[in-house]
Amino acid sequence: MTKLVYFAWVRERIGKPEEDVSLPADVVTVADLLDWLKGRGEEYAHALRHAEVIRVAINHEHVDHHEKIAGAGEIALFPPMTGG
Amino acid sequence: MTKLVYFAWVRERIGKPEEDVSLPADVVTVADLLDWLKGRGEEYAHALRHAEVIRVAINHEHVDHHEKIAGAGEIALFPPMTGG
Amino acid sequence: MAGPVGAVVPVVRIQAADFDVAAEVERLRNAGDVGAVVTFSGICRDEEGTLAALELEHYPGMAEAEILRIAREAAERWPLAGLTAIHRYGKIKPGENIVLVAAASKHRRAAFEAADFLMDYLKSRAPFWKKEHRADGAEGGWVDAKETDEDAAARWRK
Amino acid sequence: MAGPVGAVVPVVRIQAADFDVAAEVERLRNAGDVGAVVTFSGICRDEEGTLAALELEHYPGMAEAEILRIAREAAERWPLAGLTAIHRYGKIKPGENIVLVAAASKHRRAAFEAADFLMDYLKSRAPFWKKEHRADGAEGGWVDAKETDEDAAARWRK
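Keep in mind the model is a prediction, meaning the values are calculated, not measured.

**Some remarks on the overall build of chain A**
Tallying secondary structure elements over chain A gives three helices and five strands in all. Walking chain A from its N terminus toward its C terminus, one meets helices and strands in the order β-α-β-α-α-β-β-β. Relative to its length of 84 residues, chain A is compact, with a C-alpha radius of gyration of 12 Å against a globular reference of 12 Å. For chain A, the C-alpha atoms occupy an extent of roughly 35 × 30 × 20 Å along the three principal directions. Looking at the 84 residues of chain A, the share that counts as buried comes to 45%. Once local pairs closer than 6 in sequence are excluded, the contacts in chain A between residues at least 24 apart make up 48%.

Here it is in C-alpha coordinates:
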(Lines give C-alpha, C1' and ligand atoms only; values in the text may rest on other atoms or scores of the structure.)
Protein backbone atom coordinates (compact mmCIF):
# COMPACT_ATOMS: atom_id res chain seq x y z
CA MET A 1 0.00 0.00 0.00
CA THR A 2 1.09 3.52 -0.76
CA LYS A 3 -0.16 6.53 1.18
CA LEU A 4 -1.40 9.41 -0.95
CA VAL A 5 -1.99 12.83 0.62
CA TYR A 6 -3.70 15.81 -1.00
CA PHE A 7 -3.62 19.52 -0.24
CA ALA A 8 -5.52 22.71 -1.03
CA TRP A 9 -7.80 22.49 -4.10
CA VAL A 10 -6.47 19.05 -5.01
CA ARG A 11 -7.75 17.86 -1.62
CA GLU A 12 -11.05 19.71 -2.02
CA ARG A 13 -11.72 18.33 -5.52
CA ILE A 14 -10.79 14.76 -4.70
CA GLY A 15 -12.86 15.11 -1.55
CA LYS A 16 -10.47 13.55 0.95
CA PRO A 17 -7.19 14.53 2.60
CA GLU A 18 -5.49 11.15 2.18
CA GLU A 19 -5.95 7.53 1.25
CA ASP A 20 -3.99 4.29 0.99
CA VAL A 21 -3.88 2.72 -2.45
CA SER A 22 -2.51 -0.45 -4.05
CA LEU A 23 -0.70 0.66 -7.16
CA PRO A 24 -0.71 -1.59 -10.28
CA ALA A 25 2.71 -2.80 -11.38
CA ASP A 26 2.68 -0.61 -14.50
CA VAL A 27 2.47 2.60 -12.46
CA VAL A 28 6.18 3.37 -12.44
CA THR A 29 6.58 7.16 -12.53
CA VAL A 30 4.78 10.13 -11.01
CA ALA A 31 3.22 10.78 -14.45
CA ASP A 32 1.91 7.20 -14.51
CA LEU A 33 0.40 7.73 -11.07
CA LEU A 34 -1.40 10.92 -12.16
CA ASP A 35 -2.81 9.12 -15.25
CA TRP A 36 -3.94 6.16 -13.18
CA LEU A 37 -5.60 8.40 -10.57
CA LYS A 38 -7.52 10.31 -13.28
CA GLY A 39 -9.25 7.04 -14.18
CA ARG A 40 -10.51 6.50 -10.64
CA GLY A 41 -13.55 8.79 -10.98
CA GLU A 42 -15.01 12.19 -11.81
CA GLU A 43 -13.53 13.85 -8.74
CA TYR A 44 -10.01 12.68 -9.60
CA ALA A 45 -10.42 13.66 -13.25
CA HIS A 46 -11.53 17.13 -12.12
CA ALA A 47 -8.69 17.58 -9.63
CA LEU A 48 -6.00 16.36 -12.02
CA ARG A 49 -7.35 17.67 -15.35
CA HIS A 50 -4.36 19.97 -15.81
CA ALA A 51 -1.89 17.40 -14.58
CA GLU A 52 1.10 19.51 -15.67
CA VAL A 53 0.45 22.06 -12.89
CA ILE A 54 0.18 19.44 -10.13
CA ARG A 55 3.20 19.44 -7.81
CA VAL A 56 4.30 16.18 -6.28
CA ALA A 57 6.41 15.29 -3.27
CA ILE A 58 7.69 11.84 -2.35
CA ASN A 59 8.59 11.31 1.29
CA HIS A 60 8.48 15.10 1.90
CA GLU A 61 10.71 16.03 -1.05
CA HIS A 62 9.71 17.76 -4.28
CA VAL A 63 9.99 15.53 -7.36
CA ASP A 64 9.45 15.94 -11.10
CA HIS A 65 6.73 14.03 -12.93
CA HIS A 66 9.28 11.70 -14.51
CA GLU A 67 10.54 10.55 -11.10
CA LYS A 68 10.12 6.85 -10.31
CA ILE A 69 7.86 6.13 -7.36
CA ALA A 70 9.31 2.79 -6.33
CA GLY A 71 9.85 2.73 -2.59
CA ALA A 72 7.68 5.77 -1.91
CA GLY A 73 6.11 5.66 1.53
CA GLU A 74 4.06 8.83 1.15
CA ILE A 75 3.23 10.64 -2.08
CA ALA A 76 1.72 14.12 -1.87
CA LEU A 77 -0.19 15.91 -4.66
CA PHE A 78 -0.85 19.63 -4.43
CA PRO A 79 -1.18 22.87 -6.42
CA PRO A 80 1.69 25.34 -6.89
CA MET A 81 2.56 26.74 -3.48
CA THR A 82 1.48 30.17 -2.26
CA GLY A 83 3.13 30.52 1.13
CA GLY A 84 5.37 33.30 2.40
CA MET B 1 32.74 85.95 7.44
CA THR B 2 32.37 82.30 6.56
CA LYS B 3 31.86 79.59 9.16
CA LEU B 4 34.12 76.56 8.81
CA VAL B 5 33.34 73.35 10.72
CA TYR B 6 35.58 70.32 11.07
CA PHE B 7 34.87 66.71 11.99
CA ALA B 8 36.67 63.53 13.07
CA TRP B 9 40.43 63.53 12.37
CA VAL B 10 40.21 66.79 10.41
CA ARG B 11 38.88 68.41 13.60
CA GLU B 12 41.49 66.69 15.78
CA ARG B 13 44.41 67.70 13.56
CA ILE B 14 43.32 71.29 13.10
CA GLY B 15 42.66 71.39 16.83
CA LYS B 16 39.30 73.12 16.85
CA PRO B 17 35.72 72.16 15.89
CA GLU B 18 34.92 75.40 14.05
CA GLU B 19 36.00 78.92 13.26
CA ASP B 20 34.87 81.99 11.37
CA VAL B 21 37.20 83.15 8.62
CA SER B 22 37.41 86.04 6.18
CA LEU B 23 38.19 84.52 2.82
CA PRO B 24 40.39 86.39 0.33
CA ALA B 25 38.68 87.32 -2.94
CA ASP B 26 40.77 84.80 -4.92
CA VAL B 27 39.40 81.84 -2.94
CA VAL B 28 36.64 80.91 -5.36
CA THR B 29 36.26 77.11 -5.26
CA VAL B 30 36.44 74.42 -2.59
CA ALA B 31 39.88 73.46 -3.94
CA ASP B 32 41.02 77.09 -3.50
CA LEU B 33 39.76 77.01 0.08
CA LEU B 34 41.70 73.83 0.88
CA ASP B 35 44.89 75.34 -0.61
CA TRP B 36 44.43 78.55 1.32
CA LEU B 37 43.78 76.71 4.59
CA LYS B 38 46.94 74.61 4.15
CA GLY B 39 48.96 77.83 4.29
CA ARG B 40 47.50 78.83 7.66
CA GLY B 41 49.85 76.68 9.76
CA GLU B 42 51.33 73.28 10.53
CA GLU B 43 48.10 71.88 11.91
CA TYR B 44 46.15 72.78 8.77
CA ALA B 45 48.91 71.43 6.53
CA HIS B 46 48.83 68.17 8.51
CA ALA B 47 45.04 67.86 8.42
CA LEU B 48 44.74 68.66 4.73
CA ARG B 49 47.95 67.07 3.39
CA HIS B 50 45.99 64.59 1.27
CA ALA B 51 43.44 67.15 0.18
CA GLU B 52 41.91 64.79 -2.38
CA VAL B 53 40.40 62.59 0.35
CA ILE B 54 38.83 65.52 2.24
CA ARG B 55 35.05 65.62 1.85
CA VAL B 56 33.33 68.99 1.84
CA ALA B 57 29.77 70.09 2.47
CA ILE B 58 28.35 73.56 1.88
CA ASN B 59 25.24 74.43 3.84
CA HIS B 60 24.76 70.74 4.77
CA GLU B 61 25.09 69.38 1.23
CA HIS B 62 27.96 67.36 -0.21
CA VAL B 63 29.94 69.23 -2.89
CA ASP B 64 32.87 68.43 -5.19
CA HIS B 65 36.17 70.25 -4.87
CA HIS B 66 35.49 72.27 -8.01
CA GLU B 67 32.28 73.71 -6.55
CA LYS B 68 32.19 77.49 -6.11
CA ILE B 69 31.84 78.63 -2.51
CA ALA B 70 30.21 82.01 -3.16
CA GLY B 71 27.25 82.43 -0.82
CA ALA B 72 28.27 79.60 1.50
CA GLY B 73 27.08 80.18 5.06
CA GLU B 74 28.74 77.09 6.53
CA ILE B 75 31.46 74.98 4.97
CA ALA B 76 32.29 71.63 6.55
CA LEU B 77 35.51 69.64 6.05
CA PHE B 78 35.69 66.01 7.07
CA PRO B 79 37.17 62.59 6.23
CA PRO B 80 35.30 59.95 4.22
CA MET B 81 32.29 58.87 6.24
CA THR B 82 32.10 55.67 8.26
CA GLY B 83 28.56 55.63 9.61
CA GLY B 84 25.98 52.89 9.31
CA MET C 1 26.67 29.95 17.20
CA ALA C 2 28.67 29.88 13.98
CA GLY C 3 32.02 28.25 14.41
CA PRO C 4 34.72 29.13 11.92
CA VAL C 5 34.64 25.63 10.43
CA GLY C 6 31.04 25.09 9.37
CA ALA C 7 27.82 26.72 8.32
CA VAL C 8 25.45 27.89 11.03
CA VAL C 9 22.51 25.64 11.93
CA PRO C 10 19.29 27.42 10.92
CA VAL C 11 16.29 27.65 13.21
CA VAL C 12 12.99 26.77 11.47
CA ARG C 13 9.60 26.84 13.12
CA ILE C 14 6.15 26.08 11.70
CA GLN C 15 3.49 27.31 14.09
CA ALA C 16 -0.06 28.61 14.43
CA ALA C 17 0.97 31.20 17.03
CA ASP C 18 2.30 34.65 16.20
CA PHE C 19 6.02 35.39 16.48
CA ASP C 20 7.97 38.20 18.11
CA VAL C 21 10.31 39.98 15.68
CA ALA C 22 12.19 41.70 18.51
CA ALA C 23 12.85 38.43 20.34
CA GLU C 24 14.20 36.80 17.16
CA VAL C 25 16.48 39.79 16.43
CA GLU C 26 17.68 39.71 20.03
CA ARG C 27 18.59 36.04 19.77
CA LEU C 28 20.53 36.58 16.54
CA ARG C 29 22.30 39.68 17.85
CA ASN C 30 24.04 37.49 20.40
CA ALA C 31 25.03 34.77 17.91
CA GLY C 32 28.68 35.81 17.62
CA ASP C 33 30.51 38.69 15.93
CA VAL C 34 27.30 40.10 14.45
CA GLY C 35 27.31 43.47 12.66
CA ALA C 36 24.10 43.14 10.67
CA VAL C 37 20.66 41.63 11.21
CA VAL C 38 18.12 41.72 8.37
CA THR C 39 14.52 40.72 8.98
CA PHE C 40 11.68 40.16 6.57
CA SER C 41 8.14 40.13 7.93
CA GLY C 42 5.42 38.93 5.58
CA ILE C 43 2.09 40.38 6.60
CA CYS C 44 -1.48 39.57 5.56
CA ARG C 45 -2.69 42.47 3.40
CA ASP C 46 -6.27 43.75 3.60
CA GLU C 47 -6.68 43.88 -0.20
CA GLU C 48 -8.41 47.24 0.12
CA GLY C 49 -10.88 45.92 2.65
CA THR C 50 -12.12 42.95 0.58
CA LEU C 51 -10.30 40.33 2.65
CA ALA C 52 -11.61 39.06 6.01
CA ALA C 53 -8.82 36.54 6.58
CA LEU C 54 -6.46 34.09 4.93
CA GLU C 55 -6.57 30.41 5.77
CA LEU C 56 -3.09 28.96 5.48
CA GLU C 57 -2.97 25.23 4.83
CA HIS C 58 0.36 23.46 5.09
CA TYR C 59 1.87 20.00 4.70
CA PRO C 60 3.02 19.07 8.22
CA GLY C 61 6.43 17.49 8.26
CA MET C 62 7.35 18.52 4.75
CA ALA C 63 6.87 22.26 5.48
CA GLU C 64 9.57 22.24 8.14
CA ALA C 65 11.83 19.86 6.17
CA GLU C 66 11.65 21.92 2.98
CA ILE C 67 12.28 25.30 4.66
CA LEU C 68 15.17 23.73 6.54
CA ARG C 69 16.65 22.50 3.24
CA ILE C 70 16.42 26.03 1.77
CA ALA C 71 17.82 27.60 4.95
CA ARG C 72 20.76 25.18 4.98
CA GLU C 73 21.55 26.10 1.40
CA ALA C 74 21.54 29.80 2.40
CA ALA C 75 23.79 29.05 5.38
CA GLU C 76 26.26 27.30 3.09
CA ARG C 77 26.16 30.03 0.48
CA TRP C 78 26.66 33.07 2.76
CA PRO C 79 28.82 33.51 5.88
CA LEU C 80 26.06 33.78 8.46
CA ALA C 81 26.14 33.92 12.25
CA GLY C 82 22.47 32.98 12.48
CA LEU C 83 19.43 32.30 10.33
CA THR C 84 15.80 31.95 11.42
CA ALA C 85 12.62 31.19 9.49
CA ILE C 86 9.18 31.04 11.06
CA HIS C 87 6.03 30.32 9.04
CA ARG C 88 2.55 30.42 10.50
CA TYR C 89 -0.47 28.35 9.47
CA GLY C 90 -4.19 28.54 10.20
CA LYS C 91 -6.45 31.59 10.00
CA ILE C 92 -4.59 34.89 9.71
CA LYS C 93 -6.29 38.29 9.59
CA PRO C 94 -5.20 41.39 7.67
CA GLY C 95 -2.33 43.12 9.47
CA GLU C 96 -1.19 39.89 11.14
CA ASN C 97 2.14 38.19 10.56
CA ILE C 98 2.49 35.26 8.15
CA VAL C 99 6.21 34.67 7.87
CA LEU C 100 9.48 35.86 9.38
CA VAL C 101 12.96 35.44 8.00
CA ALA C 102 15.91 36.83 9.94
CA ALA C 103 19.58 36.61 8.96
CA ALA C 104 22.60 37.74 10.98
CA SER C 105 26.11 38.21 9.68
CA LYS C 106 29.31 40.14 10.23
CA HIS C 107 28.57 42.34 7.23
CA ARG C 108 25.34 43.60 5.72
CA ARG C 109 25.62 42.13 2.21
CA ALA C 110 25.45 38.51 3.41
CA ALA C 111 22.53 39.23 5.75
CA PHE C 112 20.52 41.02 3.03
CA GLU C 113 21.16 38.41 0.37
CA ALA C 114 20.52 35.39 2.59
CA ALA C 115 17.16 36.79 3.79
CA ASP C 116 16.18 37.71 0.23
CA PHE C 117 17.17 34.28 -1.11
CA LEU C 118 15.36 32.44 1.67
CA MET C 119 12.13 34.36 1.02
CA ASP C 120 12.29 33.81 -2.74
CA TYR C 121 12.72 30.05 -2.37
CA LEU C 122 10.27 29.77 0.48
CA LYS C 123 7.60 31.41 -1.72
CA SER C 124 7.99 28.89 -4.52
CA ARG C 125 9.00 25.71 -2.63
CA ALA C 126 7.52 25.68 0.89
CA PRO C 127 4.29 23.62 0.96
CA PHE C 128 1.78 26.26 2.07
CA TRP C 129 -1.43 27.31 0.35
CA LYS C 130 -3.54 30.39 0.99
CA LYS C 131 -7.32 30.45 0.78
CA GLU C 132 -9.19 33.73 0.99
CA HIS C 133 -12.11 34.45 3.27
CA ARG C 134 -13.85 37.47 1.80
CA ALA C 135 -15.13 40.38 3.84
CA ASP C 136 -18.50 40.34 1.99
CA GLY C 137 -19.11 36.71 2.98
CA ALA C 138 -18.88 35.43 -0.61
CA GLU C 139 -16.99 32.20 -1.22
CA GLY C 140 -13.29 32.99 -1.39
CA GLY C 141 -10.90 31.08 -3.57
CA TRP C 142 -7.42 29.65 -3.40
CA VAL C 143 -4.76 32.25 -4.09
CA ASP C 144 -3.05 31.66 -7.43
CA ALA C 145 0.70 31.13 -7.52
CA LYS C 146 2.54 33.96 -9.22
CA GLU C 147 4.98 33.46 -12.03
CA THR C 148 6.96 36.36 -10.59
CA ASP C 149 7.70 34.18 -7.55
CA GLU C 150 9.20 31.49 -9.79
CA ASP C 151 11.20 34.18 -11.58
CA ALA C 152 12.41 35.55 -8.25
CA ALA C 153 13.72 32.17 -7.18
CA ALA C 154 15.41 31.71 -10.58
CA ARG C 155 17.53 34.83 -9.94
CA TRP C 156 19.63 32.83 -7.47
CA ARG C 157 20.56 29.93 -9.72
CA LYS C 158 24.28 29.93 -10.20
CA MET D 1 0.47 56.94 5.15
CA ALA D 2 1.18 56.48 1.48
CA GLY D 3 -1.47 58.01 -0.72
CA PRO D 4 -1.80 56.67 -4.22
CA VAL D 5 -0.61 59.98 -5.68
CA GLY D 6 2.77 60.60 -4.09
CA ALA D 7 5.79 59.06 -2.47
CA VAL D 8 5.63 58.30 1.24
CA VAL D 9 7.27 60.77 3.65
CA PRO D 10 10.23 59.02 5.31
CA VAL D 11 10.85 59.18 9.05
CA VAL D 12 14.47 60.01 9.93
CA ARG D 13 15.83 60.28 13.45
CA ILE D 14 19.35 61.02 14.69
CA GLN D 15 19.61 60.19 18.37
CA ALA D 16 21.91 59.11 21.19
CA ALA D 17 19.28 56.77 22.63
CA ASP D 18 18.73 53.20 21.52
CA PHE D 19 15.80 52.32 19.27
CA ASP D 20 13.15 49.62 19.43
CA VAL D 21 13.01 47.47 16.27
CA ALA D 22 9.63 45.99 17.23
CA ALA D 23 8.06 49.42 17.73
CA GLU D 24 9.30 50.61 14.34
CA VAL D 25 8.01 47.48 12.59
CA GLU D 26 4.68 47.91 14.37
CA ARG D 27 4.35 51.49 13.14
CA LEU D 28 5.11 50.49 9.54
CA ARG D 29 2.79 47.48 9.64
CA ASN D 30 -0.13 49.86 10.03
CA ALA D 31 0.96 52.25 7.27
CA GLY D 32 -1.56 51.02 4.67
CA ASP D 33 -1.85 47.90 2.50
CA VAL D 34 1.45 46.48 3.79
CA GLY D 35 2.49 42.94 2.87
CA ALA D 36 6.22 43.19 3.58
CA VAL D 37 8.43 44.90 6.15
CA VAL D 38 12.22 44.61 5.85
CA THR D 39 14.47 45.83 8.64
CA PHE D 40 18.21 46.23 8.78
CA SER D 41 19.86 46.58 12.18
CA GLY D 42 23.50 47.64 12.19
CA ILE D 43 25.19 46.46 15.37
CA CYS D 44 28.54 47.32 16.95
CA ARG D 45 30.78 44.25 16.57
CA ASP D 46 33.20 43.18 19.27
CA GLU D 47 36.09 42.65 16.81
CA GLU D 48 37.01 39.43 18.61
CA GLY D 49 37.15 41.14 21.97
CA THR D 50 39.57 43.93 20.99
CA LEU D 51 36.93 46.68 20.95
CA ALA D 52 35.65 48.35 24.14
CA ALA D 53 33.34 50.79 22.36
CA LEU D 54 32.83 52.94 19.30
CA GLU D 55 32.49 56.70 19.57
CA LEU D 56 30.19 57.93 16.81
CA GLU D 57 30.71 61.56 15.85
CA HIS D 58 28.18 63.20 13.56
CA TYR D 59 27.46 66.51 11.86
CA PRO D 60 24.28 67.75 13.53
CA GLY D 61 21.81 69.18 11.05
CA MET D 62 23.50 67.71 8.01
CA ALA D 63 23.21 64.11 9.28
CA GLU D 64 19.43 64.30 9.35
CA ALA D 65 19.22 66.33 6.12
CA GLU D 66 21.43 63.94 4.18
CA ILE D 67 19.70 60.75 5.33
CA LEU D 68 16.36 62.39 4.54
CA ARG D 69 17.59 63.16 1.01
CA ILE D 70 18.63 59.53 0.51
CA ALA D 71 15.37 58.25 2.01
CA ARG D 72 13.30 60.53 -0.24
CA GLU D 73 15.13 59.17 -3.25
CA ALA D 74 14.30 55.62 -2.11
CA ALA D 75 10.66 56.58 -1.59
CA GLU D 76 10.49 57.97 -5.14
CA ARG D 77 12.23 54.96 -6.65
CA TRP D 78 10.19 52.18 -4.99
CA PRO D 79 6.46 52.00 -4.16
CA LEU D 80 6.70 52.14 -0.37
CA ALA D 81 4.05 52.42 2.32
CA GLY D 82 6.62 53.55 4.89
CA LEU D 83 10.33 54.12 5.32
CA THR D 84 12.24 54.74 8.56
CA ALA D 85 15.92 55.42 9.24
CA ILE D 86 17.37 55.90 12.72
CA HIS D 87 21.07 56.54 13.32
CA ARG D 88 22.62 56.77 16.77
CA TYR D 89 25.60 58.87 17.84
CA GLY D 90 27.81 58.91 20.93
CA LYS D 91 29.47 55.98 22.67
CA ILE D 92 28.17 52.58 21.55
CA LYS D 93 29.36 49.27 22.99
CA PRO D 94 29.74 45.91 21.22
CA GLY D 95 26.35 44.27 20.77
CA GLU D 96 24.51 47.60 20.83
CA ASN D 97 22.54 49.06 17.95
CA ILE D 98 24.05 51.68 15.64
CA VAL D 99 21.55 52.09 12.85
CA LEU D 100 18.08 50.92 11.83
CA VAL D 101 16.50 51.02 8.40
CA ALA D 102 12.97 49.73 7.95
CA ALA D 103 10.97 49.67 4.72
CA ALA D 104 7.33 48.65 4.23
CA SER D 105 5.65 47.88 0.95
CA LYS D 106 2.85 45.89 -0.62
CA HIS D 107 5.36 43.39 -2.04
CA ARG D 108 8.69 42.12 -0.79
CA ARG D 109 10.94 43.18 -3.68
CA ALA D 110 10.39 46.91 -3.10
CA ALA D 111 10.89 46.58 0.67
CA PHE D 112 14.13 44.60 0.27
CA GLU D 113 15.59 46.87 -2.37
CA ALA D 114 14.68 50.13 -0.66
CA ALA D 115 16.24 49.03 2.65
CA ASP D 116 19.36 47.76 0.86
CA PHE D 117 19.69 50.98 -1.18
CA LEU D 118 19.20 53.19 1.86
CA MET D 119 21.91 51.35 3.82
CA ASP D 120 24.38 51.48 0.94
CA TYR D 121 23.97 55.23 0.48
CA LEU D 122 23.83 55.94 4.18
CA LYS D 123 27.21 54.19 4.60
CA SER D 124 28.94 56.36 2.03
CA ARG D 125 27.04 59.68 2.35
CA ALA D 126 25.71 60.18 5.90
CA PRO D 127 28.11 62.40 7.91
CA PHE D 128 29.07 60.02 10.73
CA TRP D 129 32.56 58.93 11.79
CA LYS D 130 33.55 56.05 14.05
CA LYS D 131 36.45 56.15 16.48
CA GLU D 132 37.52 52.99 18.27
CA HIS D 133 38.09 52.68 22.00
CA ARG D 134 40.21 49.59 22.43
CA ALA D 135 39.66 46.98 25.11
CA ASP D 136 43.37 46.95 26.04
CA GLY D 137 43.31 50.69 26.79
CA ALA D 138 45.63 51.57 23.88
CA GLU D 139 44.80 54.63 21.81
CA GLY D 140 42.16 53.67 19.26
CA GLY D 141 41.99 55.22 15.83
CA TRP D 142 39.38 56.50 13.43
CA VAL D 143 37.81 53.71 11.42
CA ASP D 144 38.87 53.85 7.76
CA ALA D 145 36.22 54.17 5.09
CA LYS D 146 35.93 51.08 2.93
CA GLU D 147 36.09 51.14 -0.82
CA THR D 148 33.54 48.33 -0.79
CA ASP D 149 31.02 50.80 0.65
CA GLU D 150 31.56 53.15 -2.30
CA ASP D 151 31.23 50.19 -4.66
CA ALA D 152 28.02 49.14 -2.93
CA ALA D 153 26.46 52.56 -3.44
CA ALA D 154 27.57 52.57 -7.09
CA ARG D 155 25.45 49.45 -7.72
CA TRP D 156 22.32 51.58 -7.61
CA ARG D 157 23.29 54.18 -10.20
CA LYS D 158 20.92 53.93 -13.08
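Past the structure itself, the notes keep going.
**A short note on the side chain of Ser 124 of chain D**
Locating Ser 124 of chain D in the fold gives a position in helix H3 (residues 108-125). Assessed through its relative accessible area of 9%, Ser 124 of chain D is described here as buried. Look past the residues within four positions of Ser 124 of chain D in its chain and what remains in contact with it is Arg 55 and Met 81 of chain B together with Asp 149, Glu 150 and Ala 153 of chain D.

**Considering the packing of aromatic side chains**
Counted according to the given criterion, the structure contains 20 aromatic pairs over all chains. The interplanar angle of 85 degrees and the centroid separation of 5.6 Å between the aromatic rings of Phe 117 of chain D and Trp 156 of chain D together place this pair among those described as edge-to-face. You can see Phe 117 of chain D sitting in helix H3 and its partner Trp 156 of chain D sitting in the segment after helix H4 (147-154), a full 39 residues away along the chain. In this pair, the class of Phe 117 of chain D matches that of Trp 156 of chain D, namely buried. What links up through ring pairs into an aromatic cluster is the set Phe 7 and Phe 78 of chain A together with Tyr 59 and Trp 129 of chain C.

**Focus: the sheet that holds strand S1 (residues 11-15) of chain D**
Strand order across the open sheet formed by eight strands is S1(C)-S4(C)-S6(C)-S2(C)-S2(D)-S6(D)-S4(D)-S1(D), with mixed pairing between neighbours. The sheet is open, and its two edges are formed by strand S1 (11-15) of chain C together with S1 of chain D, each paired on a single side. Along the sheet, successive strands turn relative to each other by an average axial angle of 10 degrees, direction set aside. Strand direction decides the pairing type here: strand S2 (residues 36-43) of chain C and strand S6 (residues 97-105) of chain C, joined by eight bridges, are antiparallel.

**Regarding the relation of the copies chain D and chain C**
Each copy of the sequence occupies a distinct position, and chain D is placed on chain C by a rotation of 180 degrees and an axial shift of 0.0 Å, giving an RMSD of 0.0 Å. Look at the turn and shift together and you get a two-fold axis relating the two.

**Focus on the interface of chain D and chain C**
Chain D puts 35 residues into the contact, and the matching count from chain C is 35 residues. In this assembly, chain D packs against chain C so that about 3000 Å² is buried in total across both faces, 48% of it on carbon and sulfur atoms. The largest share of the area that chain D buries against chain C comes from Arg 45, Arg 108 and Phe 112 of chain D, three residues that together contribute 23% of it. Counting across the chain D and chain C interface gives ten salt bridges. Salt-bridge contacts for Asp 120 of chain D lead to Arg 109 of chain C; the nearest nitrogen and oxygen are separated by 3.4 Å. There are 21 residue pairs in polar contact (both at pLDDT 80 or more) connecting chain D and chain C. Secondary-structure elements contributing two or more residues to the side of chain D that touches chain C are helix H1 (21-29), strand S2 (36-43), H3 and H4 of chain D. Among the residues forming the side of chain D that touches chain C, the class breakdown is twelve nonpolar, seven polar and 16 charged. Summarising the sheet, S2 of chain C and S2 of chain D pair through seven bridges and their orientation is antiparallel. The residue bridging Val 38 of chain C from the neighbouring strand is Phe 40 of chain D, located in S2 of chain D.

**Examining the sheet that holds strand S2 (residues 18-21) of chain B**
All names here are of chain B. In space, the five strands of this open sheet follow the order S2-S1-S5-S3-S4, with mixed pairing throughout. Across the chains shown, the open sheet's two edge strands, defined by having one partner strand only, are S2 and strand S4 (61-63). If you compare each strand with its neighbour and ignore which way they point, the axes differ by 30 degrees on average. Note that strand S1 (residues 2-6) and strand S5 (residues 74-78) share four bridges and pair parallel. What sits directly across from Val 5, in S5, is Ala 76.

**Remarks on the arrangement of the chains**
Here the protein chains form three pairs of chains in contact, of which the pair with the most contacts is chains C and D. Structurally, chain A and chain B remain out of contact, their C-alpha atoms never closer than 29 Å. Left apart from each other, chain B and chain C have a closest C-alpha approach of 10 Å.

**Things to note about the interface of chain A and chain C**
Taken together, the contact pairs 21 residues of chain A with 27 residues of chain C. Of the roughly 1900 Å² buried between chain A and chain C on both sides combined, carbon and sulfur atoms contribute 56%. Of all residues in chain A, the largest losses of buried area upon contact with chain C belong to His 60, Thr 82 and Gly 84 of chain A, amounting jointly to 35% of the total for that side. Linking chain A with chain C are four salt bridges, by the criterion used here.

**Observations concerning the environment of Asp 46 of chain D**
If you trace the backbone, Asp 46 of chain D turns up in the loop between S2 and strand S3 (51-58). A relative accessible area of 30% means that Asp 46 of chain D is categorised as partly exposed. Separated by 14 residues in the primary sequence, Asp 46 of chain D and Pro 60 of chain D have C-alpha atoms spaced 27 Å apart. Sequence-distant contacts of Asp 46 of chain D, defined by excluding residues within four places in its chain, comprise Asp 33 of chain C together with Leu 51 and Pro 94 of chain D. A polar atom in the side chain of Asp 46 of chain D sits 3.1 Å from the backbone nitrogen of Glu 48 of chain D.

Parameters and conventions
Residues numbered from 1 in each chain as written. Chains lettered and ligands numbered in written order. Predicted model: local features only at pLDDT ≥ 70, side-chain atom pairs only at ≥ 80, totals over all residues. Heavy atoms only, no water. Helix = DSSP H or I, 4+ residues; strand = E, 2+ residues; numbered from the N terminus. Rg over C-alpha atoms; globule rule 2.2 N^0.38 Å. Buried < 20%, exposed > 50% of the residue type's maximum accessible area, 1.4 Å probe, protein only. Contact = heavy atoms within 4.5 Å. Phe/Tyr/Trp six-rings, centres within 6.5 Å; stacked < 30°, edge-to-face > 60°. Pairing = 2+ DSSP bridges. Axes fitted to C-alpha atoms, helices over the stretch in contact; angles between N-to-C directions. Least-squares fit on C-alpha atoms with pLDDT ≥ 70 in both. Buried area = accessible area lost by both parts, 1.4 Å probe. Salt bridge = Lys/Arg side-chain N within 4 Å of Asp/Glu carboxyl O. Polar contact = N/O pair within 3.5 Å; in protein donor to acceptor, adjacent residues only side chain to side chain. Nonpolar A, V, L, I, M, F, W, Y, C, P; charged D, E, K, R; others polar.

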